[in-house]
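Chains, contacts and geometry: an overview
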2 protein chains.
Amino acid sequence: MSEWFTTLPGLRSQVWHLLTHRDGPALTPVLATVGRDGWPEARMVVLRGADAAMATVEVHTDLHSAKVASLRALPRAALQFWLPQADLQIRLTCSVDILSGAEVAGIWVKVPDPSRQSYGITPAPGTPIADSLDYRKSPDPATFAVLSCAVQSIDAVHLGALHRRASFTRMTAWRGEWLSP
Amino acid sequence: MSEWFTTLPGLRSQVWHLLTHRDGPALTPVLATVGRDGWPEARMVVLRGADAAMATVEVHTDLHSAKVASLRALPRAALQFWLPQADLQIRLTCSVDILSGAEVAGIWVKVPDPSRQSYGITPAPGTPIADSLDYRKSPDPATFAVLSCAVQSIDAVHLGALHRRASFTRMTAWRGEWLSP
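Residues numbered from 1 in each chain as written. Chains lettered and ligands numbered in written order. Predicted model: local features only at pLDDT ≥ 70, side-chain atom pairs only at ≥ 80, totals over all residues. Heavy atoms only, no water.

Take the overall build of chain A next. Along its length, chain A carries 4 helices and 12 strands. Oriented by its inertia axes, the alpha-carbon framework of chain A measures out at about 55 × 35 × 30 Å. When each of the 181 residues of chain A is scored for burial, the buried share is 48%. The contacts of chain A with a sequence gap of at least 6 include a subset with a gap of at least 24, amounting to 59%. (Helix = DSSP H or I, 4+ residues; strand = E, 2+ residues; numbered from the N terminus. Buried < 20%, exposed > 50% of the residue type's maximum accessible area, 1.4 Å probe, protein only. Contact = heavy atoms within 4.5 Å.)

Across the boundary between the two partners, chain A contributes 49 residues, which contact 49 residues of chain B. Summed over both partners, the interface of chain A with chain B buries about 3900 Å², with 63% contributed by carbon and sulfur atoms. Area buried by chain A at its contact with chain B is led by Trp 39, Pro 40 and Ser 180 of chain A, which between them contribute 17% of it. Where chain A touches chain B, the interface holds 0 salt bridges. Summed over the shared surface of chain A and chain B, the number is 16 residue pairs in polar contact (both at pLDDT 80 or more). Split into classes, the residues belonging to the side of chain A that touches chain B amount to 26 nonpolar, 13 polar and 10 charged. With 2 bridges joining them, strand β12 (residues 177-179) of chain A and strand β8 (residues 128-129) of chain B adopt antiparallel strand pairing. Residue pairing in the sheet places Leu 179 of chain A in a bridge with Pro 128 of chain B of β8 of chain B. (Buried area = accessible area lost by both parts, 1.4 Å probe. Salt bridge = Lys/Arg side-chain N within 4 Å of Asp/Glu carboxyl O. Polar contact = N/O pair within 3.5 Å; in protein donor to acceptor, adjacent residues only side chain to side chain. Nonpolar A, V, L, I, M, F, W, Y, C, P; charged D, E, K, R; others polar. Pairing = 2+ DSSP bridges.)

A separate point is the pairing of strand β6 (residues 88-100) of chain A. Residues and elements named next belong to chain A. The pairing of strand β5 (residues 76-83) with β6 spans 8 bridges and is antiparallel. Considered in β6, the bridge of Trp 82 is made with Gln 89. Adjacent in sequence and paired antiparallel, β5 and β6 are bridged by 4 residues, among which Asp 87 carries a positive phi angle near 50°. Where β6 lies against strand β10 (residues 144-159), 13 bridges are found, and the strand directions are antiparallel. Counterpart to Ile 98 in the pairing with β10 is Leu 147.

All names here are of chain B. Within strand β1 (residues 30-34), 5 of the 5 residues are buried, which leaves it mostly tucked inside the rest of the structure. Side chains of β1 alternate between two faces, with Val 30, Ala 32 and Val 34 and Leu 31 and Thr 33 buried alike. Direction of pairing for β1 relative to strand β2 (residues 40-44): antiparallel, over a ladder of 5 bridges. The residue of β2 that forms the bridge with Leu 31 is Arg 43. Connecting β1 to the antiparallel partner β2 that follows it, the hairpin turn spans 5 residues, and Gly 38 within it adopts a positive phi of roughly 90°. In this structure, β1 lies alongside strand β5 (residues 76-83), joined through 3 bridges in antiparallel fashion. Among the inter-strand pairings, Val 30 is bridged to a residue of β5, identified as Gln 80.

Let's shift gears to the pattern of salt bridges. All names here are of chain A. Going through the model one piece at a time under the given rule, you end up with 4 salt bridges over all chains. For Glu 41, the salt bridge is made with Arg 43, and the minimal N-O distance between the two is 3.0 Å. The pair formed by Glu 41 and Arg 43 is uniform in burial state, with each residue classed as buried. Put simply, Arg 165 and Asp 155 hold a salt bridge, and the shortest N to O gap is 2.9 Å. Of this pair, Arg 165 sits in strand β11 (residues 163-169) while Asp 155 sits in strand β10; the two residues are 10 residues apart in sequence, bridging distant segments of the chain. Both residues of the pair, Arg 165 and Asp 155, belong to the buried class.

Moving on to the layout of surface pockets. Here the second largest pocket defines a volume of roughly 850 Å³. Lining the second largest pocket are 28 residues, with Leu 159 and Pro 181 of chain A together with Met 44, Lys 67 and Ser 118 of chain B positioned closest to its centre. Where the lining of the second largest pocket is concerned, the elements lending two or more residues are β6, β10 and β11 of chain A together with β2, β4 (56-62) and α2 (66-73) of chain B. Its residues assigned to classes, the lining of the second largest pocket comprises 10 nonpolar, 10 polar and 8 charged. (1 Å grid on protein atoms, 1.4 Å probe; cavity = no way out; pocket = protein on both sides within 12 Å on 5 of 7 lines; lining within 4 Å. Points joined across faces, edges and corners; volume = space filled by probe spheres on them.)

Further remarks concern the relation of the copies chain A and chain B. With an RMSD of 0.0 Å, chain A superimposes on chain B once it is rotated by 180° and translated 0.0 Å along the axis. The operation mapping one copy onto its partner corresponds to a two-fold rotation axis. In this assembly the copies share their binding face: 100% of the residues contributing to the interface of chain A also contribute to that of chain B. (Least-squares fit on C-alpha atoms with pLDDT ≥ 70 in both.)

A word on the packing of aromatic side chains. All names here are of chain A. Evaluation of the coordinates by the stated rule reveals 8 aromatic pairs over all chains. The interplanar angle of 70° and the centroid separation of 5.0 Å between the aromatic rings of Tyr 119 and Phe 144 together place this pair among those described as edge-to-face. Of this pair, Tyr 119 sits in the loop between α4 (113-116) and β7 (121-122) while Phe 144 sits in strand β10, and the two are 25 residues apart along the sequence. Phe 144 shares its class with Tyr 119; the two are buried. Ring pairing ties together the aromatic residues Trp 108, Tyr 119 and Phe 144, which thus form one cluster. (Phe/Tyr/Trp six-rings, centres within 6.5 Å; stacked < 30°, edge-to-face > 60°.)

Here the focus is unusual backbone geometry. A cis amide bond links Thr 122 of chain A to the next residue, Pro 123 of chain A, at an omega of -5°. Topologically, Pro 123 of chain A is positioned in the loop between β7 and β8 (128-129). Residues other than glycine seldom take positive phi values, yet Ala 55 of chain A does so here, at roughly 55°. Tracing the sequence through the fold places Ala 55 of chain A in the loop between β3 (47-51) and β4 (56-62). By relative accessible area, which is 2% here, Ala 55 of chain A ends up buried. The phi angle at Ala 173 of chain B is positive, at roughly 55°, despite the residue not being glycine. Examined against the element boundaries, Ala 173 of chain B turns out to sit in the loop between β11 (163-169) and β12 (177-179). We classify Ala 173 of chain B as exposed; its relative accessible area is 59%.

Take it as geometry only, folks, not as evidence of what the structure does.
Dropping the structure here:
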């Protein structure tokens, strides 16, 4: 049997296997957006869900964070994963829906208490404060947001002894093609 | 003596210490740009240099890569580092100069041969190919580019038992201020 990274279906399956059975670095990708000022932005996030059949992934955040403001203006994100054990970089391009309030109540009840501490900081994330600890956490479902990301394209690079790179797009039903790396 | 992450000068010093004595994850940040199509993009790069006094960092790439095309259209980049040993996320916002040809000849001669293999792929990176290995590497100084990144702002988050976040900007001579995390 050929190695997974030598065929397009093998590579695509491996991508979704790693995203759905996420642990280690697959749990903490980098989310890139375009700020309202037009500058690129990137920060680590926690991947909270992935659905291979729908080609969607899910990130939770504070509704008052800068990333939500950026995504309201331009609902597009790039997610980047480097998975050293697989020698694999995964790059997702996604359209993003920002969900909050009643539509995420069913998700909020399943968020464990330690994670809830991340939603509901006063003052809002990014606000200047006089001293480093001049903020308080008060978990609040009203400031909980779910970024529902519909993957539009996948770029996967396997950095083995030889480099292999492929692109898969929703528009071509994820058929895939090889790219020069 | 207080811990480095409890004061603004301590945090700023630590950021530059890690960027200039880079090893491990400090060597491979994620570079985010805005594509010519307006979509955010993110990929891992290798940090090849950092100068604390000038507040600049340097990345090497193939002149024909997508990131160079994006940066020609919008010469702005975000660099993101997650440094688990320091519990520190560093985010840099940079203006980027794309240098190539004669102006980087002095840098090219110092690039070791294994690294040179990354510059000069035929067909150009990202070109569709029929099979995964239908490309060849032919190191070529004409396709070597240096991204000279002038840091405009630094956002640093220390994710210790308590979270501390600070912002430093070139415009305010890197004085820094604390932010709600």
